[in-house]
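Each chain, letter by letter, is given below.
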Amino acid sequence: LLKNVKHRPKLAENYTEDTWLKLRDAVSAIQNSTSIKYNLEELYQAVENLCSYKVSPTLYKQLRQVCEDHVQAQIKQFREYPLFCNSLDNLSFLKRMNRCWQDHCRQTIMIRSIFLFLDRTYVLQNSLLPSIWDTGLELFRTHIVSDTAVQKRTVDGILEQIELERNGETVDRSLIRSLLGMLSDLQVYKESFEERFLIETNRLYAAEGQRLTQERDVPEYLHHVAHRLEEENDRIMSYLDQSTQKPLINCVEKQLLGEHITAMLQKGLRTLLDENRVTELGLLYQLFSKVKGGLPTLLQFWRDYIKSFGGEIVCTPEKDKDMVQDLLDFKDKMDNVAQMCFTRSEGFINAMKEAFETFINKRPNKPAELIAKYVDSKLRAGNKEATEEELERILDKIMIIFRFIHGKDVFEAFYKKDLAKRLLVGKSASVDAEKSMLSKLKHECGAAFTSKLEGMFKDMELSKDIMIQFKQYIQNQSGPSNIELTVNILTMGYWPSYIPMEVHLPPEMVKLQEVFKLFYLGKHSGRKLQWQPTLGHAVLKAEFKEGKKELQVSLFQTLVLLMFNEGEEFSMDDIRAATGIEEEELRRTLQSLACGKARVLNKNPRGKDVEDGDRFNFNNDFKHKLFRIKINQIQMKETVEEQVSTTERVFQDRQYQIDAAVVRIMKMRKTLSHNLLVSELYNQLKFPVKPGDLKKRIESLIDRDYMERDKETPNQYHYVA
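Residues numbered from 1 in each chain as written. Predicted model: local features only at pLDDT ≥ 70, side-chain atom pairs only at ≥ 80, totals over all residues. Heavy atoms only, no water.

1. Focus on the overall build of the protein chain
Part 1 of the reasoning: When you go through the protein chain residue by residue, the secondary structure sums to 29 helices and nine strands.
Part 2 of the reasoning: Taking 721 residues into account, the globule formula puts the C-alpha radius of gyration at 27 Å, and the protein chain, at 48 Å, lies well above it.
Part 3 of the reasoning: Taking the principal axes of the C-alpha coordinates as reference, the protein chain spans close to 160 × 80 × 50 Å.
Part 4 of the reasoning: Across the 721 residues of the protein chain, 45% fall into the buried class. (Helix = DSSP H or I, 4+ residues; strand = E, 2+ residues; numbered from the N terminus. Rg over C-alpha atoms; globule rule 2.2 N^0.38 Å. Buried < 20%, exposed > 50% of the residue type's maximum accessible area, 1.4 Å probe, protein only.)

2. Some details on the sheet that holds strand β1 (residues 537-544)
Hydrogen bonds between backbone atoms are what pair the strands of a sheet, whose relative direction is either parallel or antiparallel.
Part 1 of the reasoning: Read across the sheet, three strands follow the order β1-β2-β6 without closing on themselves; strand pairing throughout is mixed. Since the sheet does not close on itself, it has two edges, and those belong to β1 and β6 (628-630), each with one partner. Strand after strand, the sheet turns through a mean of 25° between neighbouring axes, direction not considered.
Part 2 of the reasoning: For strand β2 (residues 547-554) and β6, the ladder comprises three bridges, and the chain directions are parallel. (Pairing = 2+ DSSP bridges. Axes fitted to C-alpha atoms, helices over the stretch in contact; angles between N-to-C directions.)

3. Re the packing of aromatic side chains
Part 1 of the reasoning: Counting across every chain of the model gives 30 aromatic pairs.
Part 2 of the reasoning: Where F516 meets W531, the ring centres are 6.1 Å apart and the plane angle is 70°; that geometry is what we call edge-to-face. Residue F516 is located in helix α23 (residues 507-523), and its partner W531 is located in the loop between α23 and β1; the two are separated by 15 residues in the primary sequence.
Part 3 of the reasoning: By relative accessible area, which is 0% here, F516 ends up buried.
Part 4 of the reasoning: We classify W531 as partly exposed; its relative accessible area is 31%.
Part 5 of the reasoning: Ring centres of F564 and F570 lie 5.2 Å apart, and the angle between their planes is 80°; this geometry places the pair in the edge-to-face category.
Part 6 of the reasoning: By relative accessible area, F570 is classed as buried at 15%.
Part 7 of the reasoning: The rings of Y305, F309, F330, F356, F359 and F404 are connected pair by pair, giving a single aromatic cluster.
Part 8 of the reasoning: Sitting over the face of the ring of F93, R153 holds its NZ or CZ atom 5.6 Å from the ring centroid.
Part 9 of the reasoning: The ring of Y415 has R422 sitting right over it, with the charged end atom 5.6 Å from the ring centre. (Phe/Tyr/Trp six-rings, centres within 6.5 Å; stacked < 30°, edge-to-face > 60°. Lys NZ or Arg CZ within 6 Å of the ring centre and 35° of its normal.)

4. Some points on empty space enclosed by the protein
Part 1 of the reasoning: Applying the stated criterion across every chain yields a total of two cavities of 30 Å³ or more.
Part 2 of the reasoning: What the largest cavity holds in volume is close to 160 Å³.
Part 3 of the reasoning: Every residue lining the largest cavity is counted, 15 residues in all, and those nearest its centre are C67, T108, I111, G136 and L139.
Part 4 of the reasoning: Sorting the residues of the lining of the largest cavity by element identifies α3 (56-74), α5 (87-114) and α7 (132-145) as the ones contributing at least two each. (1 Å grid on protein atoms, 1.4 Å probe; cavity = no way out; pocket = protein on both sides within 12 Å on 5 of 7 lines; lining within 4 Å. Points joined across faces, edges and corners; volume = space filled by probe spheres on them.)

5. Notes on unusual backbone geometry
Part 1 of the reasoning: In the segment running from N604 into P605, the intervening peptide bond is cis, with an omega of 0°.
Part 2 of the reasoning: Position of P605 among the secondary structure elements: in the loop between β4 (601-604) and β5 (615-618).
Part 3 of the reasoning: At D705, a residue that is not glycine, the phi angle is positive and equals roughly 65°.
Part 4 of the reasoning: Mapped onto the elements of the fold, D705 is located in the loop between α29 (691-703) and β8 (707-709).
Part 5 of the reasoning: For D705, a relative accessible area of 57% gives the class exposed.

6. Some words on the packing of helix α10 (residues 189-215) against helix α11 (residues 218-238)
Part 1 of the reasoning: Viewed as axis vectors pointing N to C, α10 and α11 meet at an angle of 160°, and their least axial separation amounts to 11 Å. With respect to α11, the axis of α10 lies roughly antiparallel. The chirality of how α10 crosses α11 is right-handed. Counting all contacts with α10, which are made through Y205, E208, G209, L212 and T213, the residues of α11 involved are Y221, H224, R228 and E232.
Part 2 of the reasoning: Within the contact of α10 with α11, the residues separate by chemical class into three nonpolar, three polar and three charged. (Parallel < 35°, antiparallel > 145°, perpendicular 65-115°, else oblique. Left-handed = near helix turned anticlockwise from the far one by under 90°. Contact = heavy atoms within 4.5 Å. Nonpolar A, V, L, I, M, F, W, Y, C, P; charged D, E, K, R; others polar.)

7. Thoughts on the layout of surface pockets
Part 1 of the reasoning: Counted as a void, the second largest pocket has a volume near 910 Å³.
Part 2 of the reasoning: Of all elements in the fold, only α20 (408-424), α22 (447-476) and α27 (640-669) reach the threshold of two or more residues within the lining of the second largest pocket.
Part 3 of the reasoning: Of the residues forming the lining of the second largest pocket, the biggest block, nine residues, is contributed by α27.
Part 4 of the reasoning: When grouped by side-chain class, the residues that make up the lining of the second largest pocket number 14 nonpolar, five polar and ten charged.

8. Description of the side chain of D376
Part 1 of the reasoning: With respect to the helices and strands, the residue D376 is situated in helix α18 (residues 366-379).
Part 2 of the reasoning: Setting aside anything within four residues of it in sequence, one finds D376 in contact with D418 and R422.

9. A few points about the pattern of salt bridges
Part 1 of the reasoning: In the structure shown here, the tally under the stated rule is 49 salt bridges.
Part 2 of the reasoning: The residue D332 makes a salt bridge to K397 at a minimum N-O spacing of 3.0 Å. Linking D332 in helix α16 (residues 323-340) with K397 in helix α19 (residues 388-404), this pair joins segments that are 65 residues apart in sequence.
Part 3 of the reasoning: Connected through salt bridges with shared partners, the residues E165, R166, R173, E232, D234 and R235 form a single ionic network. (Salt bridge = Lys/Arg side-chain N within 4 Å of Asp/Glu carboxyl O.)

10. Some remarks on the packing of α3 against α7
Part 1 of the reasoning: Contact pair α3 / α7: the axes reach a minimum separation of 9 Å and the direction vectors enclose 35°. Regarding α3 and α7, the two cross each other, and that crossing is right-handed. In this structure, α3 uses Y60, L63, R64, C67, E68, V71, Q72 and Q74 to contact α7, whose residues at the interface are I132, T135, E138, L139, F140, H143 and I144.
Part 2 of the reasoning: A per-class count over the contact of α3 with α7 returns eight nonpolar, four polar and three charged.

11. Re the confidence of the model for the protein chain
In low-pLDDT regions, the fine details of the predicted coordinates are not to be read closely.
Part 1 of the reasoning: Chain-level statistics for the protein chain give a pLDDT mean of 86 and a share of 93% at 70 or above.
Part 2 of the reasoning: Here helix α1 (residues 10-31) is the element of the protein chain with the lowest mean pLDDT, 74, and helix α15 (residues 294-314) is the one with the highest, 94.
Part 3 of the reasoning: Counting interchain partners and residues more than four positions distant, the pLDDT-below-50 stretch residues 1-12 has 14 contacts. (pLDDT = per-residue confidence, 0-100.)

12. Some words on a negative patch on the surface
Part 1 of the reasoning: A grouping of E388, E389, E390 and D432 is seen on the molecular surface, where their side chains present a negatively charged patch.
Part 2 of the reasoning: It is α19 that provides the largest number of residues to the negative patch, a total of three residues.
Part 3 of the reasoning: Looking at the element boundaries, E389 is found in helix α19.
Part 4 of the reasoning: For E389, a relative accessible area of 56% corresponds to the exposed category. (Patch = residues over 30% accessible without salt bridge, like charges linked within 9 Å, V, L, I, M, F, W, Y side chains within 5 Å. Areas by Shrake-Rupley, 256 points an atom, 1.4 Å probe, with all protein chains shown as cover. Lys, Arg positive; Asp, Glu negative; His and termini not counted. Charge placed at Lys NZ, Arg CZ, Asp CG, Glu CD.)

13. Points about α15
Part 1 of the reasoning: Under the 1.5 Å per step criterion, the end-to-end length of α15 is 30 Å for 21 residues, consistent within 8% with the ideal 30 Å.
Part 2 of the reasoning: Buried within α15 are the following residues: G294, L298, L299, W302, R303, Y305, I306, G310, G311, I313 and V314. (Expected span 1.5 Å × (residues − 1).)

14. Describing the nonpolar core
Side chains of nonpolar character tend, in soluble globular proteins, to be buried together.
Part 1 of the reasoning: If you look at the biggest cluster of nonpolar residues, it comprises 146 residues, and the most contacted ones within it are F115, F193 and W302.
Part 2 of the reasoning: Once residues lying within four places of it in the same chain are set aside, the contact partners of F193 are V155, I158, L159, I162, L180, L183, V188 and L240.
Part 3 of the reasoning: Counting residues in hydrophobic clusters, the runner-up holds 33 residues, among them M509, L559, M572 and V600. (Core = buried A, V, L, I, M, F, W, Y, C linked by side-chain atoms within 4.5 Å.)

15. What about the pairing of β2?
Part 1 of the reasoning: Most of β2 is tucked away: six of the eight residues are buried.
Part 2 of the reasoning: Summarising the sheet, β1 and β2 pair through eight bridges and their orientation is antiparallel. Bridging across to β2, L540 finds its partner in L551.
Part 3 of the reasoning: If you look at the hairpin formed by β1 and β2, you'll find two residues sitting between the two strands.

Encoded structure:
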């Protein structure tokens, strides 16, 4: 020890040598886990004294050598294990390695505490020298962990334990945590363990993903994936290094989800949506948001599902009766999924809107017509399903569906026809609800869309005022009538067009009509009144054996029933001749009186339909629990002729709109090619139209000299002033 120390007194040499021997004995005792003969404070003081004698370099080298000899001796215990071992032998090996590592750390800490003065002076001043703790790590790494066979067996053992845990067995997590901590402290974690661990994980989950996607249904598989991710995150928290988290989770997500995105959606998305499995759909969205391409693919499948399911609702004529309710229910369901499962994602909500707009216009015109009829059913008196708040909520939902419709003019035509019936027959449930719907339509489509509908309400208001004045006028006349007349004066441009029908009214009614005509034209000269009996209605007083009743009937029903004041029995031909009612309308009227729920007439022979030879007589035995009986519901029912004429009127209006748009564009542009004209028309027209229909209208305008073809370029048009 002292051979390099010159010019030292003999006493100093003896002291230094004795002190080192004492220190070496102490280090050996620590390494062999035996008791130390000397007091620790005394040993610490000895190190400090040696350093003061300027022998720090030699002391450091000797200490390192002693430690190295000890660590080298430890490797033998690991080489004793056979090359091929079972799980128990591997576990025994790991426990021995862990014990060796724990002992080494404890010993190094103890040695460092004795040689702390050396560590904090000489070592600290020499930046190239590792500290005593780092020296201990370096020696363990070099002589034990870097040994190929020992390292392989250690890593194999750890991987085997992790695989056992993944297969559901219980393992010693603290042992794995300690060994992985050792690899991390020795800075060999990444190259010795992590790379192999990720390869094994990749292999395991690739095979598991392939197998389970075939064996399990999608909800069960999703829960399995979520459970696996939870397990791996738990492993990271328990024993894996934090640096492994990202590559590990990415690996699991890629193999269990990323590789099977399309297959899973094809196999299970429709079922999840059909059965409204909100929990699983939320889990699906959450898991797919973690993998590349997951959400865009889910978005596409979601859009396709809505188009497919909605297309079935719209394009199946057998389901027309429930189409609108089915659409509302479907929209509610999809809204709920978007909100609860897809975190109100803007992309998914926009995709849903786009899908609804696509499928609802697959079948032109019919959805618009049925929506109008659905609104009519909700706004009609007798709809006891909903309170005012519920009705308002239903109308709001209807407006969302209405927004998707391209041919809004079809809706307007049918809505106007039904609104007219509700107002004129007095079947509107609530004026507030009617006006609320009108304001919604105005907000959605603009004032031009609702101007005629608003005009209908104005007519009804004005009619009330006129009737107050008319009653005063009647009272001032000499002979007051025993019939109370109420007239609605309708502006022709606002209301649906009704086919004029001449019927034979009783003299009392005709007289009263003339009185009203004189009164009205006296106030509004220059106007023309055209009486429209189709939607007229009356209350008749009738006497049966059971007693007196009041019958609320249509004007046509009134004319038929009044005949039975003059005779006992009439044939269908007799009634037609006496009333002047058109044949189909008369059949419907007689059917409602003799074949409905309230049979105030008897038909001979009996049957559901009215035939030419049938005869009718007054049913004196008629009984009903109510005093006033409504028999005029027939007026609210839509006939096939009405439906056809409304549709035809829409198409006729569309032709006028196309003609007007073509003339407007040509007048402004003077000369235009066919393609540019068609493109401009598509921009201006607010309803769907086929190129063939546009071509027909252009040809019609050329025939009528509004425009002409260019003589040299037939595809070019010129405006004719």
